[in-house]
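Structural features, examined
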Amino acid sequence: MDQQLGQILAETNIRKKYSQILDNLHKFDVKTLIQSEKKFLYELFNSCFDESLIIAGSLLEKILIKLFDQLGGNDKNKDQNVVTQEIVSIMYQDYIDSVIGNKNNYNLNYSQQIHKVISTSCVQCIPLMITNIIQDKQFFHNKSKVWSVASLLRSSKQEGHLQITDQLIFRQNIQVDIDINLIKQWIFNCNRAIQYEAIQIFTLNPKKTAIPHQQELDAILQFFKYGIKTSYPNFRKNYLQKIRQFFERLRHCYEKDFRLADLNKKHKNDLTQLDEFIRESLHTFYKELMPECCFEISNPCLEILLMIYQYLGTPYDLEIRKGQVVTKCNYLFNKQFNYAYSDIIFETLITQASSSWDSSRVLACQILNLFPKDVIRQGKIQSVFEQALEIIGSPVIRWFESGAQLISWIFKQYTPLIFETPNPQLSLLELLFTQLQQKFDNFKRVFASDQTELQKNLIHGYITTFWVIMEQSKQALQFKEFFSKLLELLREIIEFATQLSSENTCTWILNDKQLQKNTLQVDCRGHFYQDKTIENVQKLLQGNTLVESLEEQSENSENILVVAFFLITRESGMFFQQLAALIEFNSNDNKSPIETVPLKKITYQFFHALLNIKHIGSIDRIAQGLSYLCKTMANSKQPLIPGLVEELLDKLIEAFEQNQFKFIFRRSSGLPHLVTCLLKACSGQNIDKIIQLLVKHCHGQVIELKVHALNIMRKLFMETSLKQYLEQYIGQGFIISIQGFSYDDWSVRNSSLMLFSVLASKSLGKNTNQDSLAHKYTIIEFFAKSPELLDFFNKIIQDFKDDQLYPSLYPVALILSRLAPINASFYRKVDYDEQKEKKIKVQQIVEMFSNLQLCLNNKNYLGRQILSKSLLPFLEVDKIPKFIIEQLESLQDLDQIKKNHNKTHGIILASNQLLKDHIRIKKESVQNLKQQQQSEKELIDIIVRKQFLLQTKCPPIKVVYYQLLIQIVNEFNFTSDDILIYTENQIQEQLMAPSFKLEIDLQHSVTRKKQFRYLIEYYFKQNKIDSVFNLAIQILQKYVSNPQLLEFDDLEVPSYVLKRINLQLKTREQLFQQSFTDILGQMLQICYKSQNMCSQLVQVCLKSLIIFQSKSKIQNPDIYQDLIIRYNQDTNVTKYLLILSGHAFVDNKLNPEIYLKLLERYSQSENIDDLRVAVIKSLKITINNLLTYQEKLNMILLRLIQDEIPEIRNKVAKFISDVILSKGQNCQLRYNYEYILNKFFKLLRIDYSPTHLELLFDSDFYEVKKQNHIQKKIFSFEKANKYYSDLRIRQIVYSEIINQEVKQDIIQLKFERPELFEFLIINYDNYKKFVYRDEFLHENIVKHRIFGLLMKEEVQLQEYKLDYTVCQFN
């Protein structure tokens, strides 16, 4: 038994190892198993992080269950506390080491596997594990441990073992030793992994009818206020899923009470807690939905609002998901009318229906669809309809999509209020159809001659409206006749657009002879340009044509054409998608809403469009629609168009054979998409037929067809759904792409490269050579998957010649470089197939290795580099040092080297790369590498003995040899006195020369760099720190003594030397030499005075000063101000100057006003990210000295905490939590940026003054909005930071003023702080009169609500005489 266990544990393929243990676990003693391998449990816990090893979770569960039983867990006579303690003692340390070691804790697979296993197999261990974790004094500072506790609690709650009351209670009334208020605070922790686990503790419950405790409701409200705003889509998606489950639970547990309430009967459960929770939730979300609010706010708020309306306020039975129907519920109407259906709420949703974010527009209209019909007045409906009809003709995507969504909303519920006809919905459709027909006729007439009229007759918005209506109304049988008419019109439209945008010239479509002189042409993207504006072609090719405004159309007429024709094809593609979805929805019924003939016509028209148009955005949408339709026709028992897929394939093959395609650019445009969507609906036989056709043309001689075939194959291999059919063709794909590398035509080589890249990614993964070997295939495993490549690779290597212009050898070498050593003596996580591996002939691999070594002496420098990385997969791990020795032994003397420098360079390159691989593999190998110590000594000896290589006049050889020497210095701490003396002499010669400038380079500068690096690495390894500093001082002194050198000298030497020193000093902060910092300061002064910018040198000098700043004092801080002025365009210099300026400010050597202006300037969003991060680092240094400058400091912090980049928001939130709020003490909680923003003025105990408020109210973003409103551009000027909202800040400010200043009566403020009162009243009056801005209505309502709170008066719509009917969308 011990022998069998030993054999299993010796297995290096982890997947196979765990599978064997799982099969034989019943034979083993679990404690013996765990003790047999020191880190067995630790590796098992780690494996649960890897999503490719799902088996690890199953094995862990079986082991823990058996361990529990083996230790007496099921023995009633045994003390269960003792059993629990013993289990925890066995697994705790391995568990916690695994959690800490894996930095990325936001891994759902890990928490689901590990903690689910623990909570199901030994749940009684969890309280003890949590107690052990939180006893650590550094618990609150270790986010991995905090996450671990939160995740353990979440898993216990999910399995029903944890109960939430005022305390956390485990089953059997075991109380968890952790405060529930602390768990609630984790909801607004800055780490989103902790946030996610914490919110699940309060939302999850295995009992669907369990009434939530008040603690749960309070915690979820906290999350709504401070946790939902995120820039991370996966986090948003995951927490929304849990919140939906919570609302489903609310509906289940209160279902009977809602029904009794509708009947005015007494209900069982008290709804007071629910009422308060829903009221506060609605208020929270609608308060955030301000005009122009960012996506991070609008999307989650609307998503959760939609859930509330779906589960608690749907006026009819609603199918939320397929098979899940929510019945009618009047709770919101009965209990929350003012908070769910008031006029202000309606206007808020109308505003969001024209949001900049497409998902927000859709969500707002979905919520409006759930309003009861009688809550909105007819006048409002009529007004919205008129405005929507107007804006669907806009060229701005935001507006015409908004109009389409609103018309669809009206179509679904409110057409009787607009059309007094027997069938009002049909009347609306007919109206839209008539307008579309008229505008299309006008569009064809004026599109090339009258730009003003063209803008009035844009038709894409009508197409959008029809597909949105179709999406919302799946049951369309009553409109069957209408849809037939509509399809015919749309077929004409797409035919017109396709013809026009697929031809190189299109004078043939113009009737006016004068217009024929003004030839319209199409570029490779399908964009139009005219001869008279041919100078703007560069704009078109750069993709910048959509940035121009309507006012400029008279000069740049190509812009509106781009907009018009692109949007026609794009929106037609979306219509086709929805048409296919509608047919699929009705495919099970005998009756179809679409007639066969018009459907077939429009299908063939879109087929034709895919073969001709060049708009990539349109192509993708049309292809998806065709894919849906083909799948439906293929899977339906009674398809509308029998044999559609086969017929289209035949037409495609015919077109291919006759070379009917007119395009070659942009990856063959729609052709790859067309083939892909057809094959997804095909049988395996048809797929084989198409692949063989493509392979045939890939080997053919017609360039266009060859490129098309390569582009199609690339797209097919990218398609995951076709993976099972295409795996067998990966080998052929590699052969085709590699052969294409040597083709003379550039377009073939380019398409071959794209295909090769996809195949390498699919078969080898997206790893680099530096990644773990565990996920790499050995050479035998690789060839077992594609056996045909073995002979092909051998032939390529054998036939290689130096004179080939585009050799196929290099892609072969690139593939080989991504493989693992042949004997795989390290842990593996890849699939394996022993049967296929046995069929591979090892002798062929040996021959390939011999031939590959011969290729190392080829003439191409980069070729030798690639080939040097391709030798590893042919070697066994323990034989790598021996092979390197053999290679180096072949180099006898300088005379031999002179005969063939290329061969020598190839050998040294291979040796250097293999030594690097050997050092890396040692860390992963499971073998005892102590046996290799002798080989390593011999290896070091042979490397040192080859020092005659330094005498060669070939720089590439010297460079690589120095790389070998640097490796043995760093890894083995070994060097030779002779080599050291030689290198020091070489460097001394450089130092004695008048300058470092090289007359002839030929890689001598690279050699010089390697010599300096070798010396610096050696000095640091031997702790000769004075030698390092003296070397740097000698180099810098050369320039200080003669500043004129800066004007013409090669500054590479001082820059490189300081860079290497800085890298070492980062890990040796205790090192310091004052003379070194002094000369750095002198260098900065002469660099400032020099005419040469010296940017790189200044950068490394500043970085060195930052490292030493805590030990040295600023000698001349004024130089930083001078440098900032000079290098204000150089980010890499400025970011270091900002940090050093902070030190100068702390030492009272920099004027506070100047310093604050620097921070204010570089904290703005138009600067790149590094500068804003540098501002935060500078603030960390100076914060204790800035507290007296609170007003400006607050503005800087407010700007940073609303930065558009989430990482910067997180950094400043951590800074405020750790430095400002905790005041240097241990902080138990790091708040997220949203919590800090909302509590900003309270947390920082800010006192207000009119000056302070003026800073808040004078917003740059206000000017942006005003500019957009006045200029009315199609493509509006966007603010640099879309996350920032001036309205949000003002709302927060006023709310805080109320809390701080107006606790009793507003009149007190008038007497106690008259200047503040006057400022507020002036602003209040100004905002009452401010009514000309776009979206002004809702914005003013928000302001009135804010000021209404201040003035202690309830804002009523009538009081301010605001007329909703004048609300304008543009």
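Residues numbered from 1 in each chain as written. Predicted model: local features only at pLDDT ≥ 70, side-chain atom pairs only at ≥ 80, totals over all residues. Heavy atoms only, no water.

With respect to the overall build of the chain
Definition in use: The secondary structure listing takes helices from DSSP runs of H or I that are at least 4 residues long and strands from runs of E that are at least 2 residues long, numbered from the N terminus. For accessible areas, the Shrake-Rupley method is used with a probe of radius 1.4 Å. Any residue's cover is judged against the shown protein chains and nothing else.
The secondary structure content of the chain amounts to 69 helices and seven strands. Total accessible area on the chain is roughly 58,900 Å²; 47% of this is exposed by carbon and sulfur atoms.

Details of the side chain of Glu216
Going by this rule: Using a 1.4 Å probe on the protein chains alone, a residue whose accessible area is under 20% of its type maximum counts as buried, one over 50% counts as exposed, and one in between counts as partly exposed. Any N or O atom pair separated by 3.5 Å or less is treated as a polar contact, with the protein-specific requirement of one donor-capable and one acceptor-capable atom, and with residues adjacent in sequence counted only for side-chain atom pairs. Contacts: residue pairs with any heavy atoms within 4.5 Å of one another.
Structurally, Glu216 can be placed in helix 12 (residues 214–226). Taking the relative accessible area as the measure of exposure, Glu216 reaches 3% and is therefore buried. Here the side chain of Glu216 touches Arg249 through a polar contact of 3.2 Å, side chain to side chain. If we skip the residues at most four places from it in the chain, Glu216 touches Lys157, Ile164, Ile201, Phe202 and Arg249.

Quick word on the confidence of the model for the chain
Counted only if it meets this: Values of pLDDT, ranging from 0 to 100, describe the predictor's confidence in every residue of the model.
Scored by pLDDT, the chain comes out at a mean of 80, with 81% of its residues at no less than 70. The low-confidence segment residues 522–558 (pLDDT under 50) makes 87 contacts with residues lying over four places distant or belonging to another chain. Note that pLDDT drops below 50 for residues 1341–1370; the model gives that stretch 69 contacts with residues more than four away or on any other chain.

Concerning the packing of helix 44 (residues 880–889) against helix 46 (residues 901–922)
Quick reminder of the rule: Orientation is described by axes fitted as lines to C-alpha atoms, over the contacting stretch for helices, and by angles from 0 to 180 degrees between their N-to-C directions. Each angle gets one of four labels, with under 35 degrees taken as roughly parallel, over 145 as roughly antiparallel, 65 to 115 as roughly perpendicular, and the rest as oblique. For a crossing to be left-handed, the near helix must be turned anticlockwise from the far one by less than a right angle; the clockwise case is right-handed.
Relative to each other, helix 44 and helix 46 sit at 165 degrees, their axes nearing to 10 Å. Considered as vectors, helix 44 and helix 46 are oriented roughly antiparallel to each other. The chirality of how helix 44 crosses helix 46 is left-handed. Contacts from Ile880, Pro881, Phe883, Ile884, Gln887 and Leu888 in helix 44 reach Ile907, Ile908, Ser911, Leu914, Leu915, His918 and Ile921 in helix 46.

Focus on unusual backbone geometry
For Asn973, which is not glycine, the phi torsion reads 55 degrees and is therefore positive. Tracing the backbone through its elements, the reader meets Asn973 in the loop between helix 48 (955–972) and helix 49 (977–992). Residue classification places Asn973 among the partly exposed positions, given a relative accessible area of 40%.

Regarding the packing of helix 54 (residues 1074–1089) against helix 55 (residues 1095–1108)
As a reminder of what qualifies: Side-chain classes are defined by residue name, with Ala, Val, Leu, Ile, Met, Phe, Trp, Tyr, Cys and Pro counting as nonpolar, Asp, Glu, Lys and Arg as charged, and the others, Gly among them, as polar.
Where helix 54 meets helix 55, the closest approach of the two axes is 10 Å, and the angle between their N-to-C directions is 145 degrees. Crossing of helix 54 against helix 55: the hand is left-handed. Mapping the contact onto sequence places Phe1076, Thr1077, Leu1080, Met1083, Leu1084 and Cys1087 in helix 54 and Leu1097, Val1098, Cys1101, Leu1102, Ser1104, Leu1105 and Phe1108 in helix 55. Residues belonging to the contact of helix 54 with helix 55 are distributed by class as follows: eleven nonpolar, two polar and no charged.

Remarks on empty space enclosed by the protein
The cut-off we apply is this: Grid spacing is 1 Å over the protein atoms alone, the probe is 1.4 Å, and a cavity is where that probe fits but cannot get out, while a pocket is an open set with protein on both sides within 12 Å along at least five of seven lines and lining residues have an atom within 4 Å of a point. Grid points are joined across faces, edges and corners, and a volume is the space filled by probe spheres set on the points.
As enumerated under the stated definition, the model contains nine cavities of 30 Å³ or more in all. The calculated volume of the largest cavity comes to roughly 100 Å³. Every residue along the wall of the largest cavity is listed here: Asn189, Cys190, Arg192, Gln195, Gly227, Lys229, Thr230, Tyr232, Phe235, Asn1210, Asn1232 and Tyr1233. Looking at the lining of the largest cavity residue by residue, the class counts come to four nonpolar, six polar and two charged.

So, a positive patch on the surface
Rule in force here: Think of a patch as exposed residues, more than 30% relative accessible area, with no salt bridge, where like charges cluster within 9 Å and nonpolar side chains (Val, Leu, Ile, Met, Phe, Trp, Tyr) cluster within 5 Å. Whenever Lys or Arg places a side-chain nitrogen within 4 Å of a carboxyl oxygen from Asp or Glu, that contact is recorded as a salt bridge. As used throughout, the charge tally considers Lys and Arg to be positive and Asp and Glu to be negative, leaving His and the chain termini uncounted. Working definition for charges: the position is that of NZ of Lys, CZ of Arg, CG of Asp or CD of Glu.
A cluster of like positive charges, contributed by Lys143, Lys1066, Lys1177, Lys1180, Lys1211 and Lys1214, occupies part of the molecular surface. At the level of secondary structure, the elements contributing two or more residues to the positive patch comprise helix 59 (1169–1186) and helix 61 (1206–1221). With respect to the element layout, Lys1177 can be found in helix 59.

With respect to the environment of Lys916
Looking at the element boundaries, Lys916 is found in helix 46. The partly exposed category is assigned to Lys916, whose relative accessible area is 38%. In this structure, the C-alpha to C-alpha distance between Lys916 and Ile968, residues 52 residues apart in sequence, is 9.9 Å.

Some thoughts on the nonpolar core
Note the following rule: Note on terminology: a nonpolar core comprises buried Ala, Val, Leu, Ile, Met, Phe, Trp, Tyr and Cys residues joined through side-chain atoms within 4.5 Å.
Formed by 422 residues in total, the largest nonpolar core has its most connected members in Trp186, Phe224, Phe247, Tyr309 and Phe793. Those residues in contact with Phe224 that sit more than four places away from it in its chain are Lys229, Ile243, Phe247, Phe277, Ser281, Thr284, Phe285 and Ile304.

Structural notes on the sheet that holds strand 2 (residues 168–170)
Cut-off, in case you're wondering: Two strands qualify as a pair provided DSSP detects at least 2 bridges between them.
In spatial order, the strands read 1-2-3; together these three strands make up an open sheet with antiparallel pairing. Among the strands making up the open sheet, the edge pair consists of strand 1 (162–164) and strand 3 (174–175).

Quick notes on helix 59
The cut-off we apply is this: Take the seven residues that end at a residue and the seven that start at it, fit an axis to each, and the angle between those axes is the bend at that residue.
Of all the bends in helix 59, the largest measures some 50 degrees and sits at Lys1180. Every buried residue belonging to helix 59 is among Leu1171, Arg1172, Val1173, Ala1174, Val1175, Ile1176, Ser1178, Leu1179, Thr1182, Ile1183 and Leu1186, and all of these are buried. Lining the buried residues of helix 59 we find helix 57 (1131–1146), helix 58 (1152–1162), helix 60 (1190–1201) and helix 61.

A closer look at the pairing of strand 4 (residues 318–321)
Here strand 4 runs beside strand 5 (residues 324–326); their pairing, made up of three bridges, is antiparallel. Bridge assignment links Arg321 to a residue of strand 5, and that residue is Gln324. Connecting strand 4 to the antiparallel partner strand 5 that follows it, the hairpin turn spans two residues, and Gly323 within it adopts a positive phi of roughly 90 degrees.

So, the state of the cysteines
Heads up, the condition is: Pairs of cysteine sulfur atoms within 2.5 Å are what we label disulfides.
On inspection of all chains with the given rule, the structure shows zero disulfides. You can see Cys1087 has no disulfide; the closest cysteine sulfur is in Cys1094, sitting 4.3 Å from it. Look at Cys1087 and you get buried, because its relative accessible area is 0%.

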